[in-house]
Amino acid sequence: MNCLEERIAKDGVVKEGNVLKVDSFLNHCMDVSLFKEMGAEWKKRFAGKNINKILTIEASGIGIASVVALEFNVPVVFAKKNKSINIDGDMYVTEVESFTHKNKNQVIVSKRFLNSDDHVLIIDDFLANGCALQGLISIVGQAGATVEGIGIAIEKGFQSGGQIIRNLGYQLESLAIVDSMDAATGTITFREQ
């Protein structure tokens, strides 16, 4: 069991509706030391890849992606879920559906920060149905950039997202893959990797 799986087993809370609550260390209160270990692991898994940008989606992916960017010594670009007055110029736009929030958002990235010369590592906290990832892949495609790989902290292996993304041919590296969860007992079963 790796450090992330250990932390999920210790502090993760299984809720009804296939919800895994990890807000005490991953996506509300952030354990940056854990993020550093995760970043080092992704650096190993994507060794030899020509990565010059990290791409994530707001909000939960930003903290993790920032620490990973330190490992790769590259900038982070994050897709925004709302257009604000300080975003100007041309943008890449796509629509994504959130499993957690049960809603759809248009996400945007300014064309100033992503172009055809970029080799992108996509980083996110969760992978369930794959909608957010497909949106980020679409944005990279719109830019003419290259997806070098995808790093996910926690993949829900019992949902279709991981298989969909792998079937598209991307190198998807999930640090913890949950094969099953039981809200009644709090039991979490991880996939052997």
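Residues numbered from 1 in each chain as written. Predicted model: local features only at pLDDT ≥ 70, side-chain atom pairs only at ≥ 80, totals over all residues. Heavy atoms only, no water.

Caption draft 1: Representation of the sheet that holds strand β9 (residues 172-182) within the structure. With respect to topology, six strands assemble into an open sheet ordered β4-β3-β7-β8-β9-β10, the strand pairing being mixed. Whereas interior strands pair on both sides, the edge strands pair on one side only; in this sheet they are β4 (76-79) and β10 (187-190). When the angles between neighbouring strand axes are averaged without regard to direction, this sheet yields 25 degrees. In this sheet, β9 lies alongside strand β8 (residues 146-156) in parallel orientation, the contact comprising six bridges. (Pairing = 2+ DSSP bridges. Helix = DSSP H or I, 4+ residues; strand = E, 2+ residues; numbered from the N terminus. Axes fitted to C-alpha atoms, helices over the stretch in contact; angles between N-to-C directions.)

Caption draft 2: Summary view of the packing of helix α1 (residues 3-11) against helix α2 (residues 32-45). Between α1 and α2, whose axes approach to 10 Å, the crossing angle comes to 145 degrees. Contact residues: Cys-3, Leu-4 and Arg-7 in α1; Leu-34, Glu-37 and Met-38 in α2. Tallied by class, the residues present in the contact of α1 with α2 amount to four nonpolar, no polar and two charged. (Contact = heavy atoms within 4.5 Å. Nonpolar A, V, L, I, M, F, W, Y, C, P; charged D, E, K, R; others polar.)

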